[in-house]
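# Remarks on the overall topology
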Amino acid sequence: MPSFKLDDKEIAFEPGDTIIRAAHRAGVDVPHYCWHPGLSVAANCRMCLVEVMPPPGRPAMMLDVLAWDDLHQTYVPQKKPKLQPACQQAAADGMVIKSQTSEHAVKARSAVQELLLLNHPVDCPICDQAGECRLQDYWLEHQASKKRMKDEPVHKPKGVVFGPTIVYDAERCIMCTRCVRVSAELAKDPVLSMRERGNLNEITVAPGRQLDHAYTLMTEYVCPVGALTSSDFRFKARVWFLRSARSTCVGCATGCSSFTDFDPRSQKVYRYRPRENAAVNKYWMCDDGMLDYQRIHQGRVLEARIKGEGVSDGVALEKAAELLKGAAPQKTAVVLSAEHSNEDNQALLDFAKALGALQIYYTGRPQGQGDDILRSADKNPNTAGVLAVSGGKAKPFTDLVGAIKDGKVSVLVALGSAIGNPNDAGALKDVKAFVALSTHDGPIADHAAVVLPASSWAEADGTFVNRTGLRQESDRAINPQGQSRPAYRWVQELAKLLSLSLPWKKVSELRAASAAEAPAATPSAPPPGGE
Amino acid sequence: MEPLDQELDAAELELPTEPMLLNVGPAHPAMHGTVRIVMELSGEIIERCDVQVGYLHRGFEKMCERGTWTQVFPYVDRCNYVSPMLNNVGFALAGEKMLGITVPERCQWYRMILGEMARISDHLTCDGAMAMELGAFTPFLWMIKCREMVWEVMEEETGARMTHSFGRIGGMAAPPTDGFKDHVRAVVKHIMQVLDEVERLLLGNRIFLDRLENVGVISAEDAISLGWTGPCLRAAGVPYDVRKAHPYLKYGEVEFDVPVGSTSDSFDRFMVRIAEMRQSARIIEQCLERMPNKGPVNVDDPRIILPPKEEVYSTIEGTIQHFKIVMEGLKLPAGEVYSYTEAGNGELGFYLVSDGSGTPFRVRIRPPCFLVTAGLERVITGQMMADVVPSFGSLNMIGGECDR
Amino acid sequence: MSKALIELVKKNFPSAVLETHSQLGDDTVVLAPGSWKQVAAFLLDNPQSDMNMLTDLTAVDFPDRDPRFEVVAHLYSLNRGHRLRIKARIGDRDGETVELDSLSELWGSANWLERECFDMFGVKFLGHPDLRRILLYPEFEGHPLRKDYPAEKIQPLLEYRDLPNINKVAPFGPDEGMSFGRQTHKLGIYSDDEEQGSRNKIITPADN
């Protein structure tokens with residue numbers, strides 16, 4: 001494999017790589033604003049300038065420059081090598097490149113950084129990006145000098161509403177055009193552009209349009225500074241108080257890798273961020289998925305209910321056990337849920353087996369809109385998982401409706417909250433002994449005699465199988481809310497009350513049992529730059 | 001040893017001279033409020049005793065693991081609260097050793113002056129309290145009044161009498177005030193006069209001498225083995241002073257002597273402290289002479305030192321610098337360091353472990369008086385009950401430092 | 001400081017030295033836990049090292065490492081003016097068995113320093129004459145400087161120890177060495193073989 005030398009470190013590259021891409025893959029960070037591994041090269045921020053040494057025996061290309069001499073208070077002519085942007089310079093075998101070891105590159109970066117901060121407003125205390133801002137990080141690493149400009153900075157529009165999700169601040173913008181490229185290249189909707197020149201330029205939306213495609217939050221996500229802010233997250237939390245859990249998005253069957261950012265003090269989830277995973281979502285997530293975290297706190301079932309009345313969990317458990325006791329196996333049905341993890345479904349399946357229930361169905365959220373970028377029309381994260389766990393025996397919900405109508409179901413245990421076709425909800429009314437394990441309000445919780453509040457995906461570890469059959473684990477972020485517990489815990493309690501024995505005791509055993517025959521996902525490690 | 005109470009009835013008790021258990025403290029005036037001694041007395045002689053500390057334990061080292069390196073300063077203030085400046089400087093030096101930086105010359109002299117003032121305040125308190133506990137109230141009042149003058153200097157410089165939080169890794173929170181040198185000179189001169197008067201009052205006093213001389217004796221070998229440092233060790237005749245043995249700041253460039261005792265009794269410890277105050281005055285005089293009136297106090301590195309407030313409010317560079325240092329904290333390189341200075345009670349060590357982040361991984365403070373207090377048991381065993389008070393007083397146990 | 005010390009230890013205990021470094025001038029030797037006391041005694045007695053002072057002894061908890069704890073001692077020679085840091089890595093991941101030989105026979109300062117280390121980290125020093133808690137009270141649960149001890153954790157207030165037949169409730173029980181008068185201790189309430197609960201029983205003179 002060909003390789004080059006960057007600051008005395010040997011870095012291998014694949015033909016066609018640029019210097020920065022090869023370095024990025026090797027875990028070496030070349031400072032950059034405008035370059036993003038998932039986007040085309042713009043080479044406009046000039047932060048990644050490196051000194052490429054000439055081949056042996058050849059002179060370096062030198063530029064004549066004027067340098068300020070502090071001692072004599074005058075400019076003196078000097079020579080300096082021509083620096084190359086590492087994001088655009090193709091790597092060549094045997095190249096010798098100096099990044100942090102080149103005094104010229106270091107000086108150039110400091111100057112670039114100073115230029116970028118020239119008109120920057122003193123906004124850190126009110127800026128949502130503070131704490132994860134490139135300008136802050138690179139000031140410390142690459143500039144670390146005080147302001148020299150005495151003039152009033154240029155003022156530009158602030159708080160410009162770009163669309164339903166994004167607010168733009170032109171003063172903070174460094175014109176890296178990442179957002180322009182995300183719109184054009186990822187969302188295939190080139191709705192953003194740049195206007196004006198020099199220190200007056202700003203990002204603008206195409207006339208008569210709004211920034212309203214399905215991936216608008218990615219423009220905010222790639223923004224290295226606080227210019228684009230999401231109207232959802234704006235002014236809600238300070239990032240240094242948040243912690244991140246590695247999670248899998250449950251908004252659709254794609255199963256994008258994500259981070260769940262939550263505040264450990266208030267046990268509240270504030271946002272999702274995409275997590276790099278070459279096998280699924282590359283670097284991206286859609287708006288629906290990014291905002292799907294809201295469901296963790298909205299419309300939740302947080303207390304046990306008997307016929308709609310809130311009761312303590314012990315009472316509800318006893319009532320549920322009473323309903324299930326002595327159920328005729330052939331008239332007992334169990335509904336699995338494609339909204340829930342493999343663990344929850346496996347637990348219910350084992351419970352059904354112990355109960356002797358013969359009818360297995362599954363349900364989930366209704367179909368939605370999909371596209372050929374990331375979004376799947378199946379809005380359930382674990383359809384493939386449910387089918388795999390049940391060995392393909394689970395029948396669709398419509399069959400259950402028929403069975404209820406035929407009077408074949410007298411006892412029903414259902415996991416989940418939503419059903420595929422809302423019109424089918426009426427059928428559930430006819431089942432008297434109906435126990436539901438629900439995370440959210442919905443047709444299942446509405447019609448159940450006993451509702452046990454189940455924890456959401458953010459409150460328990462879980463495994464989800466996406467539409468391509470990839471098995472991915474999602475880590476717990478916050479503690480179970482209210483009275484809720486993971487569904488498998490409820491199942492365990494119920495089994496205990498009914499004196500049924502389940503083949504597992506610990507979650508790890510349950511997970512092993514549920515390991516469906518799907519290849520385990522190998523999410524690639526997050527890049528050093530934290531893209 | 002085993003806790004006394006458990007073994008007591010195993011001990012053979014012969015009537016009628018049966019030992020008596022006596023508890024002193026923790027809330028006893030002579031125990032300085034924070035220590036408890038359980039003694040087994042035979043008549044008036046202490047046969048065995050158990051010194052129990054920890055009543056002022058506040059989880060200092062645990063708290064340090066939760067903030068930034070800079071946020072450790074208020075905690076070290078509250079270790080030895082009689083000479084907090086020495087702790088401040090000690091911790092700052094430990095951080096600087098880790099970063100591999102040296103503060104500007106002006107700051108070094110400044111730190112020495114403030115440190116020696118703090119040492120004077122520490123010794124004044126100890127000797128004054130010793131005298132008071134033996135009934136000599138006047139010297140106590142005089143010395144505490146002197147201490148108050150030292151603290152007025154501190155207040156003028158730092159804004160706080162006791163808990164200054166004035167040290168910074170890489171410098172000090174503020175440069176010396178304009179009248180600093182004159183103020184210090186006047187205060188030190190007055191204190192030296194008072195010391196002479198105190199000596200005249202006490203050293204001709206039979207009661208005072210009888211209660212201290214040949215009381216609370218410990219051998220030099222024992223003192224070394226117990227890890228004693230500072231005035232208590234020097235009173236035992238061992239001339240170990242970190243300032244001389246391993247000079248830091250500018251101690252290598254100033255002249256001073258290390259006073260030592262000969263009999264290692266409470267009286268020697270009293271006198272060593274008096275003599276050290278005179279040496280401190282000597283050091284201060286030389287420092288005042290050599291400290292430049294102008295020049296930087298802090299290192300010139302924006303990664304370490306906070307920007308001036310007007311820059312924070314008006315420029316983005318200043319805001320970022322402030323944000324980075326306050327929110328993320330200055331980052332000490334990963335590794336470990338043991339840094340030691342001479343505090344009021346002896347070798348004050350800081351063993352720092354950093355994982356390279358802005359938050360300390362471990363801050364271990366080696367409190368000199370913890371080990372000195374550990375020796376109290378050996379000092380008072382075999383003595384009269386009444387000698388506990390002057391012996392204990394002469395060790396200068398500071399609860400905050402001992403218990404942390 | 002002198003690297004000679006590291007060489008001295010290496011030469012005499014080639015198998016006991018696991019690792020050495022002199023970061024920032026602090027000479028450090030990581031010792032095999034089994035030879036902890038042996039090497040310490042050597043450093044104390046050998047005239048070339050003459051480490052007559054144990055200035056500090058503490059521990060550091062690295063929850064991700066195995067062994068999890070590092071006991072760190074700083075030695076100093078008053079006569080030669082050199083220092084050496086010795087370390088031993090001990091303890092399993094769950095922190096159940098954390099044991100090391102006590103140095104209290106060698107230096108008097110080890111007594112309290114090891115008690116503190118036991119109190120804060122739960123390191124059991126084998127052969128220590130009096131391994132009690134020192135800064136915390138006997139009823140305290142856990143070892144607070146361990147990384148898995150939450151800093152916010154609040155331990156419940158202790159109830160007064162149960163002292164029946166006594167009008168005035170004492171803040172401390174007799175098991176802490178305070179016997180309210182001679183009568184009680186003459187009656188032998190301090191006997192070791194009684195259980196903790198019954199030891200608190202005080203018989204007042206009126207019962208006699």
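Everything discussed here concerns the structure shown above.
Note that the coordinates shown come from a computational prediction; the quantities given were computed from them, not determined experimentally.

## Some details on the interface of chain A and chain B
- Facing the 15 residues of chain A at the interface are 13 residues of chain B.
- Residue composition of the side of chain A that touches chain B, grouped by class: 10 nonpolar, three polar and two charged.

## What to know about unusual backbone geometry
Residues and elements named next belong to chain C.
- Following aspartate 66, the chain continues into proline 67 via a peptide bond in cis, with omega recorded as 0 degrees.
- Residue position: proline 67 is located in the loop between β3 (53–61) and β4 (69–76).
- For aspartate 50, which is not glycine, the phi dihedral falls at a positive 55 degrees.
- Mapping aspartate 50 onto the fold places it in the loop between α2 (36–45) and β3.
- You can call aspartate 50 partly exposed: it has 17 C-beta atoms within 10 Å.

## What about helix α4 (residues 178–186) of chain A?
Residue and element names in this part refer to chain A.
- Most of α4 sits out of view: seven of its nine residues are buried.
- Here α4 has its buried residues at Arg178, Cys179, Val180, Arg181, Val182, Ser183 and Leu186.
- Tucked into the core, α4 has its buried residues touching β10 (192–195), β11 (202–205), α5 (216–222) and β12 (228–230).
- Downstream of α4 by one or two residues, lysine 188 has phi in the positive range, about 55 degrees.

## Overview of the arrangement of the chains
- Of all two pairs of chains sharing an interface, the pair with the highest contact count is chains B and C.
- Nothing in chain A touches chain C; the tightest C-alpha to C-alpha distance between them is still 12 Å.

## Side note on the pairing of β4 of chain C
All names here are of chain C.
- Of all eight residues in β4, eight are buried, a share of seventy percent or more.
- Alternating positions in β4 separate into two faces, Phe69, Val71, Ala73 and Leu75 on one and Glu70, Val72, His74 and Tyr76 on the other, with burial throughout.
- Pairing analysis gives eight bridges linking β3 to β4, with the strands arranged antiparallel. Opposite leucine 57, over in β4, you have alanine 73 as the bridge partner.
- Pairing between β4 and strand β5 (residues 83–90): eight bridges, direction antiparallel.

## Structural notes on the packing of helix α8 (residues 342–355) of chain A against helix α14 (residues 507–514) of chain A
Residues and elements named next belong to chain A.
- At a closest axis distance of 9 Å, the pairing of α8 and α14 adopts a crossing angle of 90 degrees. In terms of their interaxial angle, α8 and α14 are classed as roughly perpendicular. Packed against α8, whose contacting residues are Asn342, Glu343, Gln346 and Ala347, the element α14 presents Val507, Leu510, Arg511, Ala513 and Ser514 at the interface.
- For the contact of α8 with α14, the residue count by class is four nonpolar, three polar and two charged.

Each value, and the rule that gives it
Residues numbered from 1 in each chain as written. Chains lettered and ligands numbered in written order. Predicted model: local features only at pLDDT ≥ 70, side-chain atom pairs only at ≥ 80, totals over all residues. Contact = placed C-beta atoms within 7 Å. Nonpolar A, V, L, I, M, F, W, Y, C, P; charged D, E, K, R; others polar. Helix = DSSP H or I, 4+ residues; strand = E, 2+ residues; numbered from the N terminus. Buried ≥ 20, exposed ≤ 12 C-beta atoms within 10 Å, placed from the backbone. Pairing = 2+ DSSP bridges. Axes fitted to C-alpha atoms, helices over the stretch in contact; angles between N-to-C directions. Parallel < 35°, antiparallel > 145°, perpendicular 65-115°, else oblique.

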